[in-house]
Amino acid sequence: MPAFRCVAALLVSTLAACAHAAPARIDAPDRFTELYNRLHPSVVLITMQIPAEGAKRKGKWDEAYGSGAIVASGAWGSRILTDAHVVADARELRAKTGDAGKAVRLRIVAVSNDDDDLALLEVATPNLPPVTFGGMASVVPGRAVGVLGYPIPDAFEDEHLRSVVSLYTGRVASVRNGTMEIDVPVIPGESGGPVFDAQSGEVIGLAESRFDDE
């Protein structure tokens, strides 16, 4: 596995507002514990195969992973939102909901343009709990936020440890042209995981980590 260095800010693609709730008081860490328990069932581990890097490995495939959030569900199945770059050129897509859930086949429904970096996916699993989207009014510097996702699942499995949803907390550092800069670590595997407002619990973005090889 290559070494990585965070070169700048960690950015999240902000989502269009579709709901707004009255703000609630934050009593850290109890508030984040409450929101973790509420949102945890809506976070999805995405596994796949992507083309291997390097000329000598042409035609080879590597295992890869990312995170996503359930945004709609019913008797017909469930839809998941993630970053488009997470599933770019991927095959053998699978999704696992719940830390002990079974991996099921996943299909890509739609992909946005490069600027938005969003992909809508679908699984046949019915009646899963969706997240609630928040409004842009809460996306201001200093706002407390949390990030949920599945960090480096293969590394934990290699150590005979389960892959479970991790929670990282921090604040919005700035807002630039439809993206947030946040002072929260986003570890490989967590890209596409939901970023939520710590007051309302509403999802206001998807995590996107930016790293360079050292």
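Residues numbered from 1 in each chain as written. Predicted model: local features only at pLDDT ≥ 70, side-chain atom pairs only at ≥ 80, totals over all residues. Heavy atoms only, no water.

Caption draft 1: A look at unusual backbone geometry. In this structure, Glu 92 is a non-glycine residue whose phi angle is positive, near 55 degrees. Residue position: Glu 92 is located in strand 6 (residues 91–97). One non-glycine residue, Asn 127, lies in positive phi territory at about 55 degrees. One can find Asn 127 in the loop between strand 9 (118–123) and strand 10 (144–149). (Helix = DSSP H or I, 4+ residues; strand = E, 2+ residues; numbered from the N terminus.)

Caption draft 2: Quick look at the environment of Gly 101. Its place among the elements puts Gly 101 in the loop between strand 6 and strand 7 (104–105). Gly 101 gets classed as partly exposed once you look at its relative accessible area, which sits at 26%. The sequence separation of Gly 101 and Val 44 amounts to 57 residues, and the corresponding C-alpha distance is 9.8 Å. (Buried < 20%, exposed > 50% of the residue type's maximum accessible area, 1.4 Å probe, protein only.)

Caption draft 3: Broad picture of the pairing of strand 6. As paired strands, strand 3 (residues 43–51) and strand 6 are joined by five bridges and run antiparallel to one another. Within strand 6, the residue paired with Leu 45 across the bridge is Lys 96. (Pairing = 2+ DSSP bridges.)

Caption draft 4: Main features of the pattern of salt bridges. In total, this model carries seven salt bridges according to the counting rule given. For Glu 92, the salt bridge identified is with Arg 94, shortest N-O distance 3.7 Å. (Salt bridge = Lys/Arg side-chain N within 4 Å of Asp/Glu carboxyl O.)

Caption draft 5: Focus on the environment of Ile 46. Of note, Ile 46 is situated in strand 3. When the C-alpha atoms of Ile 46 and Gly 66 are compared, they prove to be 5.0 Å apart, with 20 residues separating the residues in sequence. Among residues more than four places away in sequence, those in contact with Ile 46 are Ala 64, Tyr 65, Gly 66, Ser 67, Gly 68, Thr 82, Leu 93, Arg 94, Leu 106 and Leu 121. (Contact = heavy atoms within 4.5 Å.)

Caption draft 6: The confidence of the model for the protein chain, seen in detail. The share of residues in the protein chain with pLDDT of 70 or more is 76%, and the mean pLDDT across the chain is 80. pLDDT under 50 marks residues 1–24. Its contacts with residues more than four places away, or in other chains, come to 84 contacts. (pLDDT = per-residue confidence, 0-100.)

Caption draft 7: The arrangement of the nonpolar core in detail. Judged by nonpolar contacts, the single largest core of 19 residues is most densely connected at Val 131, Leu 148, Val 165 and Phe 196. In terms of residues, this core owes the most to one element, helix 1 (residues 30–39), which gives four residues. Sequence-distant contacts of Val 165, defined by excluding residues within four places in its chain, comprise Tyr 36, His 40, Val 43, Asp 99, Leu 148, Gly 149 and Tyr 150. Among the nonpolar cores identified, the runner-up in size contains 16 residues, and Val 44, Ala 64, Val 87 and Leu 121 belong to it. (Core = buried A, V, L, I, M, F, W, Y, C linked by side-chain atoms within 4.5 Å.)

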